[in-house]
Amino acid sequence: MTTLAARVAAPRDLPEPRIEGLTFAPVTVADTPELTALIARVEEADRSPVRTIESEVAEQFAGSWWQLDRDTRIGRDVDGTPRAWIVSECQPSDQRTLRALSSGGVDPLWRGRGVGTALVRWAQARGRQQLADDGRDMLGRVAAYLLDTQTEAARLYERVGYGPLRYYRDMRRPLDRPLPEPPLTPDVQIVPWTPALDEAVRVAHNEAFRDHWGSEPRSAEAWQQHQAMFAPQWSVLAVSEGQVVGYALCGRYEQDWPVKGYRSGYADLIGVLRPWRGQGIAVALLTAVMAACRADGMEYVELEVDTANPSGAHGLYTSLGFEPTTGTVQWGIEI
């Protein structure tokens, strides 16, 4: 088998996107407020159920693995207003499949002019460079996540060689219904998340998701990257003899509530170590989350599930009263 660097066919030079009326340059920290405003316009046009705020945008680019001058582009019109952006992120902590994940968007006023096609082609080329530059020999993937409402974007990705790789579904559970009664597990305690246990939770997460498609270990730095919306008051752990054997970490996304029309807590990460599965620990964790969110005035608890999750999570959530809402598809090219 050839090496990843040979298979990926990365271009030596990366041509800049060329769109009449737009000038492209790397994203800088100073662009954060204007980029946030552009993202909001795109999310509204795409009927996204979420709204990204400035702290999340700033946090995205905080990782030491970013080379903003090479990994990002933002396009401004003649008045200096940002109208499009694209990024490609490749984390060195990936161990099984090296992933170059792109994200971006085009202002709705600038769609239909070839901007999206130019950005996706740029991101694929940059992603191939990132895979080749890593130097390790493993599987590779260039990919992007799209809402199932982004049908035009999906057709665009398909035209330039991407295909649907995985399907994810958001689910919600109303909290005005009785909560489940989890089975008793005498040697396991459900306890609140604490900073002192956070590193043990990261280690447990990497182990719990080792058998999940598309999941890669998170470094200590990457683990801290998405903390702006973390809700410790809703997050719980399953502990046995001092070992973290399960966890449910939640986020409080107040900016999404007006869009969705209800108040909710979001279970961002849920996992149970393999030797401890099948004992009702996930039910106990989710019940504790639902109780905490309900006590805090939330109307729903939400989560996302890989529809082909090997642990049977989709069926579990359905049995607990979770109902499907929106969906996301990972589009990609396997290398």
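No experiment lies behind these values; they were computed from the predicted model shown.

A. View of the sheet that holds strand β9 (residues 243-251). In spatial order, the strands read β1-β2-β3-β4-β5-β12-β6-β11-β10-β9-β8-β7; together these 12 strands make up an open sheet with mixed pairing. With one partner strand each, in any of the chains shown, β1 (23-25) and β7 (189-192) form the two edges of the open sheet. Neighbour-to-neighbour, the strand axes of the sheet open up by a mean angle of 25°, direction not taken into account. When strand β4 (residues 97-106) meets strand β5 (residues 139-147), the two strands line up parallel, connected through 6 bridges. Bridging from a neighbouring strand, S102 pairs with A144 of β5.

B. Highlighting the pairing of strand β6 (residues 163-174). The pairing of β6 with strand β12 (residues 323-334) spans 8 bridges and is antiparallel. By the bridge assignment for β12, Y167 is matched with V329. When β6 meets strand β11 (residues 300-306), the two strands line up antiparallel, connected through 7 bridges. In the strand pairing of β11, R173 is matched with V301.

C. Structural view of the pattern of salt bridges. For the coordinates displayed, the defined rule picks out 25 salt bridges. Its salt-bridge partner being E34, residue R76 comes within 2.9 Å of it at the nearest N-O pair. One end of the pair, R76, is in strand β2 (residues 72-76); the other, E34, is in helix α2 (residues 32-45), and 42 residues separate them in sequence. A residue is classified by how much of its surface remains accessible, and E34, at 37% relative accessible area, is partly exposed. The partner of R277 in a salt bridge is D211, and the shortest N-O contact between them spans 3.0 Å.

D. Region of interest: the packing of aromatic side chains. Under the defined criterion, the tally for this structure stands at 7 aromatic pairs. A centroid spacing of 4.5 Å and a plane angle of 50° characterise the contact between Y262 and Y300, whose relative ring orientation is tilted. Of this pair, Y262 sits in the loop between α9 (257-260) and β10 (264-272) while Y300 is found in strand β11, placing the two residues 38 residues apart along the sequence. The pair formed by Y262 and Y300 is uniform in burial state, with each residue classed as buried. Note that R113 overlies the ring of W110, its terminal NZ or CZ placed 4.1 Å from the centroid. Just above the ring of Y300 sits the side chain of R172; from NZ or CZ to the centre is 4.6 Å.

Parameters and conventions
Along each chain, the written sequence defines residue order, and numbers are assigned to residues from 1. Confidence filtering applies because this is a predicted model: local features only for residues at pLDDT of at least 70, side-chain atom pairs given and counted only at 80 or more, and all residues used for totals across whole chains, interfaces and linings. Derived side-chain values reflect all non-hydrogen atoms in the structure, with water molecules and hydrogen atoms excluded from consideration. Two strands are said to pair when DSSP picks up at least two bridges between them. Working definition: helices are DSSP H or I runs of at least four residues, strands are E runs of at least two. Numbering for both runs from the N terminus. With axes taken as lines fitted to C-alpha atoms, and helix axes fitted only over the stretch in contact, angles between N-to-C directions fall between 0 and 180 degrees. Note on definitions: salt bridges are taken to be side-chain nitrogens of Lys or Arg within 4 Å of carboxyl oxygens of Asp or Glu. Here the term buried applies to any residue with accessible area under 20% of the maximum for its type, exposed to any over 50%, and partly exposed to those in between, with areas from a 1.4 Å probe on protein chains only. Stacked, edge-to-face and tilted are the three classes for Phe, Tyr and Trp ring pairs, Trp counted by its six-membered ring, which pair at centre distances within 6.5 Å; planes under 30 degrees apart are stacked, over 60 edge-to-face, the rest tilted. Whether a charge sits over a ring comes down to the Lys NZ or Arg CZ being within 6 Å of the ring centre and within 35 degrees of the ring normal.

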